Amino acid sequence: MIFDRLADTIIKHAKVIIAIWVVLLIVSVPLALKSGDVMNYDMNDLADDDAESMKGFAIMAEYFPSSETDMSSMPVLVLHFDDERGLADSILFVEELNEKAANDPGWSQKLDFSQGAAFMAMAPQMGEDGSGILMVGILYNPAAEVNVINDTPELRSFIHGVEDSFSELTGADIGVYLTGSPALTSDTSTGSMEDISRIDPFTILLILILVGLFFRSFVSSAVPPMTIGFAFVVSMAAIFLVGQILSIFFFTQMMILVVMMGAGCDYCIFIIARYREELRAGRPHTEALHEAVKWAGESIATSGATVIIGFGAMAVCSYSMVSTMGICMALGILIALLAALTLIPSILAVVGDRVFWPSTMRSFEEGGKSTRGWYAWCGLVGRSYFERSSRFTLKHAKAIVLVAILVTVPAAYVVAESETSYDMMAAMYTGESAEGMDYVDEYANSGILTPSYVLMEYDQPFATVEIDPVSHMPSLTWAEGYQNMAADMESGLFSTFYGDGNVAEVSGVFQWGPAVQEAVMSGAVDPTRPIEIITYVEMNSPATISAYVVGAVKALGDAMLATNPGLTDYEINGYIVSNGASFIDYVVNVQGGIIGGDYVRSADGSGTANYVKVSVATVESTMSNRSMETIQYVEERIDEYVADNSAVVATWVTGTGVVMLEVSEIISGEFVYIEILVVLLILVLLFFVMRSYTIPFRSVLTILMSICWTLALTHLVFVEILGGEIMWMVPLMLLVICLGLGMDYDILLTTRIKENVHEHGMSNDEAIHQAVVHSGSVITICGLIMGGAFGTMMLSSMELMQEFGFALCFAIFVDALVVRTYLVPAVMHLLGDWNWKGPAFMHRGDE
């Protein structure tokens, strides 16, 4: 038997094995410390490179060099005010920011002042009570090659520094929040690190307390977490190496220690507990350790294999977020299992029963310390409870199974009818940027900062971009037939998008000339007053491009004034209205990332454009279920538009919301096959380990019942009580994870029952009773440890991690405390000898 040989090897070479683990630890530390560097926090990287959304991003990166300054990726400052005075203060604050940044040697290089200002205020969004927000786009200088995400803390520090001095000087009371995609990503990264620093100590402390109470020993309480700590460091080093090849999403780093500590400590405890049980039965040290490794080793190896199967099956998913998480988690569990199977027995081989210090085996003899006082009382209560629960279960097995079925039916209905949410943004984001997004949701259209994009490729260039070689003044000229391109798109394609009530704003090509004509024809302005025309155009431009229109007008006016200081405002504004089209169209469409083409490849920036980017902002959050329907609606309208417009040769729909829709649709389909794969592999594994036709199916069915109860309760708590939403990832991943982790306790109990039947010749009912009595306390403490470890994830500031923590915590608790204590013994009692029916060749050694 393999575990007989393993036990002999460990006993013979214990010190060598410990030395190997110490060397592994020393080698792994430098790499483990760098593991955070390979974590990915960008949700746009969730999708596979072959997905349409990712192809769209690739087109944007290649043909739209300025697209990284659009609304979806630029930092955005949200200024909240309570009244008109607050609005005036907010506008003055933006001017102060521009002045301070322009005069600062560092920020004047980092930020883009080519349009006259780097902090570009948009039209204010007002509430009925006079309060509102002023959104300010922050333009970075592309030539500075600054990582905007990494620069977020420094930018935030600069902004709040100006805020402090401005408030002190003026007495202004405005709320200042740096948000937008870079800030949200940065805050998610920071928040996850803070969550880890908050969750991990609680996890370790919980394990130390529970294990210490169970073994009544300081040493025993430290050995399991120390052992898994070794395994964790080695795992993080391995993850760092994996991260050089694969993209690892930050969820992995947040979950791996919790998973490894929960499952790994369970494995360690089961071996130590079996070693103590054998010592208390009177076996000498070496024989006790041999028996512990032989029987507990088989149990935890089987348990670990099911967990590895659960996580490993995720590796077949086509999306890196899921596949790399599965790979890393399976790798972590494998290393934790190896540590439990080799390092723990080696430590026991060296230190012996001193591992239970200050308790000793003598204290468990008649009249010893452990047979008196509160510890003895707790032991008697525990043994009495499992004695009574086992007898009760065997007596009322049919009623227990019936109750389980009656609970499962309505729970299954709740799970089937409940909806899940795609809104990962709301579930993940935290910090100041999340507060800013809350104000955007309150006063503006929620999807304005993260619009979806429609990219269209035309069969021929529709515009020419030129840079004057002498003055370096840029200009944009529209090709024949495209002088009214903006109006044509607005009356055609855009109008079809507005057929969906969730579409708040659509923006695309901007043309100054037709916009001026519209202002004059509107009757809302005096045609003889250029400033009124300019103001009308600026105010009626879509919010996603209004900052560029304002900036272009200001930049052109400043350039004219610098050339001829004697010009009046009326003369400047008149020129801008009549002759500013080529320059303003260039700034808005090229620098605003609306048109793309081969001009990006030329040395001087001149060339043609044959790509258009249309931005679609939604009323509700970009990732809400309603907005997912809107994306599908837009895709259908695009298909119709292309069918009727031969000039458009290719289209792509992309954006953060589109990425999430594609990911969820494909993962949902793939997870069906992943779940089937997990179930089949676990059935095969249990068939060979348990040598039974029925036990594998009974194990899987009871796990599925507890998962069903968990999902129903999670829906009740987070949706019905807290008013939130269940993320689409939760039920999918919960099923796979619990099929692996939840199987632990079933295997620990069932292997003990099998041992009693085949090794000790007990009847089925007596084997069940003795297994429950002798392993019940171990399974309970292991369940409390693993469930408690997952429960610490509810300390996270992110709703997604809170949902995972609650669901996994409850699933483990109900599985260890209810399913394994009552339901499994009841079903095995009813099955009787059918539990052990299997192929004859597998049972030849049992006779």
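Residues numbered from 1 in each chain as written. Predicted model: local features only at pLDDT ≥ 70, side-chain atom pairs only at ≥ 80, totals over all residues. Heavy atoms only, no water.

## Digging into the nonpolar core
Worth spelling out the cut-off: Only buried residues count toward a nonpolar core, which is a set of Ala, Val, Leu, Ile, Met, Phe, Trp, Tyr and Cys residues joined through side-chain atoms within 4.5 Å. Type-normalised accessible area, obtained with a 1.4 Å probe on protein chains alone, sets the label of each residue: buried when under 20%, exposed when over 50%, and partly exposed for intermediate values. Runs of H or I in DSSP of at least four residues are treated as helices and runs of E of at least two as strands, each being numbered from the N terminus. When checking whether two residues touch, look at their non-hydrogen atoms; a contact exists if any pair is within 4.5 Å.
Among the nonpolar cores identified, the biggest contains 265 residues, and Phe251 and Tyr458 are the most heavily contacted of them. Counting residues per element, this core draws most heavily on helix α9 (residues 251-280), which supplies 20 residues. Those residues in contact with Phe251 that lie beyond four places of it in its chain are Met321, Met325, Met424, Met428, Met729, Leu800 and Met801. The next biggest cluster of nonpolar side chains, apart from the first, holds 26 residues, and it includes Trp107, Val136, Val176 and Leu178.

## A word on unusual backbone geometry
Phi at His472 takes a positive value of approximately 60 degrees, unusual for a residue other than glycine. Counting through the fold element by element, His472 comes out in the loop between β10 (463-467) and β11 (474-478). Although it is not a glycine, Arg691 adopts a positive phi angle of roughly 55 degrees. Within the secondary structure, Arg691 sits in the loop between α23 (656-690) and α24 (695-721).

## Quick notes on the packing of helix α16 (residues 485-497) against helix α22 (residues 625-644)
Stated formally: Here, axes are lines fitted to C-alpha atoms. For helices the fit covers the stretch in contact, and angles between N-to-C directions go from 0 to 180 degrees. An angle below 35 degrees is read as roughly parallel, one above 145 as roughly antiparallel, one from 65 to 115 as roughly perpendicular, and any other as oblique. Working rule for handedness: look at the near helix, and if it is turned counterclockwise from the far one by less than a right angle, call the crossing left-handed; if clockwise, right-handed. Each residue gets one of three labels, nonpolar for Ala, Val, Leu, Ile, Met, Phe, Trp, Tyr, Cys and Pro, charged for Asp, Glu, Lys and Arg, and polar for the others, Gly among them.
Relative orientation of the contacting elements α16 and α22 amounts to 150 degrees, with a least axis distance of 9 Å. Our classification of the angle between α16 and α22 gives roughly antiparallel. In the crossing of α16 with α22, the sense of the turn from one axis to the other is right-handed. Residue-level inspection shows Leu493, Thr496 and Phe497 of α16 in contact with α22, the latter providing Tyr633, Val634, Arg637, Ile638 and Tyr641. For the contact of α16 with α22, a count of residues per class yields 6 nonpolar, 1 polar and 1 charged.

## What to know about the packing of helix α18 (residues 530-540) against helix α20 (residues 569-579)
Between two packed helices, what matters for the description is the angle formed by their axes and the separation of those axes. The N-to-C vectors of α18 and α20 enclose an angle of 50 degrees; their axes lie 8 Å apart at closest approach. Classified by the angle their axes make, α18 and α20 are oblique. The two elements α18 and α20 cross, and the hand of that crossing is left-handed. Contact with α18, carried on its side by Pro530, Ile531, Ile533 and Ile534, involves Tyr570, Asn573, Gly574, Ile576 and Val577 of α20 and no other residues of that element. Grouping the amino acids of the contact of α18 with α20 by side-chain chemistry returns 7 nonpolar, 2 polar and no charged.

## Regarding the sheet that holds strand β14 (residues 607-609)
Counted only if it meets this: A strand pair is defined by DSSP finding two or more bridges across the two strands.
In space, the 3 strands of this open sheet follow the order β11-β10-β14, with antiparallel pairing throughout. Each having just a single partner strand, β11 and β14 make up the two edges of the open sheet. Here the strands of the sheet are splayed against their neighbours by 25 degrees on average, with no regard to which way each runs. Sheet topology note: the β10/β11 ladder contains 5 bridges and is antiparallel. Within the sheet, the bridge partner assigned to Glu466 lies in β11 and is Ser475.

## Observations concerning the state of the cysteines
This is how the line gets drawn: A pair of sulfur atoms, both from cysteines and within 2.5 Å, is called a disulfide here.
In total, this model carries 0 disulfides according to the counting rule given. Looking at the unpaired Cys782, the closest cysteine sulfur is the one in Cys265, lying at 9.1 Å.

## Section: the confidence of the model for the protein chain
Stated precisely, the cut-off is as follows: Residue-level confidence of the predictor is summarised by pLDDT, bounded by 0 at the bottom and 100 at the top.
Residues with a pLDDT of 70 or more make up 94% of the protein chain, whose mean pLDDT is 85. The secondary-structure element of the protein chain with the lowest mean pLDDT is helix α14 (residues 424-428), recorded at 70, while helix α2 (residues 14-33) shows the highest, at 94.

## Some remarks on α20
Note the following rule: Here, the arc refers to the directions that run from the helix axis to the C-beta atoms.
If you check which residues of α20 are buried, you get Ile572, Asn573, Ile576 and Val577. Seen along its axis, α20 keeps its buried residues to an arc of 130 degrees; they face one direction. Opposite the buried face of α20, at more than 90 degrees from it, the exposed residues are Tyr570 and Ser578. As for α20, its buried residues are in contact with α17 (512-522), α18, α19 (543-563) and α21 (581-591).

## Some thoughts on the environment of Ile753
Within the secondary structure, Ile753 is located in helix α26 (residues 743-758). You can call Ile753 buried: its relative accessible area is 0%. Spatially, the C-alpha atom of Ile753 lies 62 Å from that of Val616, the residues being 137 residues apart in sequence. Among all residues touching Ile753, those that are not within four sequence positions of it are Ala767, Ile768, Ala771, Met828 and Trp836.

## Some thoughts on α21
The element α21 is extensively covered by neighbouring structure, given that 8 of its 11 residues are classed as buried. Buried residues along α21 sit in contact with β10, β11, α17, α19, α20 and β13 (595-596). Taken from the residues just after α21, Gly593 is the one with a positive phi, measuring 70 degrees.

## Some thoughts on the environment of Val219
Following the sequence through the fold, Val219 ends up in helix α8 (residues 218-243). By relative accessible area, which is 30% here, Val219 ends up partly exposed. When sequence neighbours within four positions are dropped, the list of residues in contact with Val219 reads Arg354, Val355 and Trp357.

## Some points on the pattern of salt bridges
Spelled out, the test is: We define a salt bridge as a side-chain nitrogen of Lys or Arg found within 4 Å of a carboxyl oxygen belonging to Asp or Glu.
All told, the structure shown has 22 salt bridges when counted by the stated rule. Its salt-bridge partner being Glu277, residue Arg752 comes within 2.5 Å of it at the nearest N-O pair. With Arg752 in helix α26 and Glu277 in helix α9, the pair connects residues that are 475 residues apart, well separated along the chain. Accessibility expressed as a relative area gives 10% for Arg752, which makes it buried. Since its relative accessible area comes to 24%, Glu277 is described here as partly exposed.

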